[in-house]
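Descriptive analysis of the structure
What follows is the residue order along each chain.
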Amino acid sequence: MAAAVHDAATPPVKPVERPDTPCVAVCSTTFDEICRGCGRTYIEVAHWVAMSDEQKEVVWQRITAQGYPRRNT
């Protein structure tokens, strides 16, 4: 089996280091289905521990693009 060849001009992609959860303990879904602290839907919050790493990454990408997680909101 051949070893992977790495192009010296392109640095390796390092996975993003993230906390175990986007929760910031500012939990509120009072006015809609989105938590005002972490940006997840209540369904995503409820299923977080059962989600695969890939599913969690999709959520992380969406919420960070939207400016979450937020503290003091």
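Our structure's up above, just so we're on the same page.
In this report, we go over the structure that sits alongside the text. (Residues numbered from 1 in each chain as written. Predicted model: local features only at pLDDT ≥ 70, side-chain atom pairs only at ≥ 80, totals over all residues. Heavy atoms only, no water.)

**Section: the overall build of the protein**
Defined as follows: Counting from the N terminus, the helices are DSSP H or I runs at least four residues long and the strands are E runs at least two residues long. Partly exposed residues are those whose accessible area sits between 20% and 50% of the maximum for their type, while under 20% is buried and over 50% is exposed, using a 1.4 Å probe and protein chains only. Note on definitions: a residue-residue contact is assigned when non-hydrogen atoms from the two residues lie within 4.5 Å. Shrake-Rupley sampling with a 1.4 Å probe provides the accessible areas, and residues are treated as covered by the protein chains on show and by no other component.
Of the regular secondary structure elements, the protein holds 2 helices and 0 strands. A total of 73 residues make up the protein; the buried ones form 22% of that total. The long-range fraction of contacts in the protein, counting pairs at least 24 apart against all pairs at least 6 apart in sequence, stands at 48%. Total accessible area on the protein stands at roughly 5,800 Å², and carbon and sulfur atoms take up 57% of it.

**Thoughts on the pattern of salt bridges**
Put simply, the test is: Any Lys or Arg side-chain nitrogen found within 4 Å of a carboxyl oxygen on Asp or Glu counts as a salt bridge.
What the rule picks out here adds up to 2 salt bridges. Its salt-bridge partner being E57, residue R18 comes within 2.9 Å of it at the nearest N-O pair. Taken as a pair, R18 in the segment before α1 (42-47) and E57 in helix α2 (residues 53-65) lie far apart in primary sequence, 39 residues in all. Among the residues examined, R18 registers a relative accessible area of 27% and is labelled partly exposed. Among the residues examined, E57 registers a relative accessible area of 26% and is labelled partly exposed.

**With respect to the side chain of K56**
Formally: Positive charges come from Lys and Arg, negative ones from Asp and Glu, while His and the chain ends are left out of the count.
The residue K56 is located in helix α2 in this model. The side chain of K56 is buried and forms no salt bridge, while D53, the nearest opposite charge, is found at 4.9 Å.

**Here we look at the packing of aromatic side chains**
Put simply, the test is: Any two of the Phe, Tyr and Trp rings considered here, Trp counted by its six-membered ring, make a pair once their centres fall within 6.5 Å; the pair's planes then place it as stacked at under 30 degrees, edge-to-face at over 60, or tilted in between. Any Lys NZ or Arg CZ that is within 6 Å of a ring centre and within 35 degrees of that ring's normal is treated as a charge sitting over the ring.
Evaluation of the coordinates by the stated rule reveals 0 aromatic pairs. If you follow R40 out to its NZ or CZ, it ends over the ring of W48, 4.9 Å from the centre. Directly above the aromatic system of Y68 lies the positively charged group of R70, at a separation of 4.1 Å from the ring centroid.

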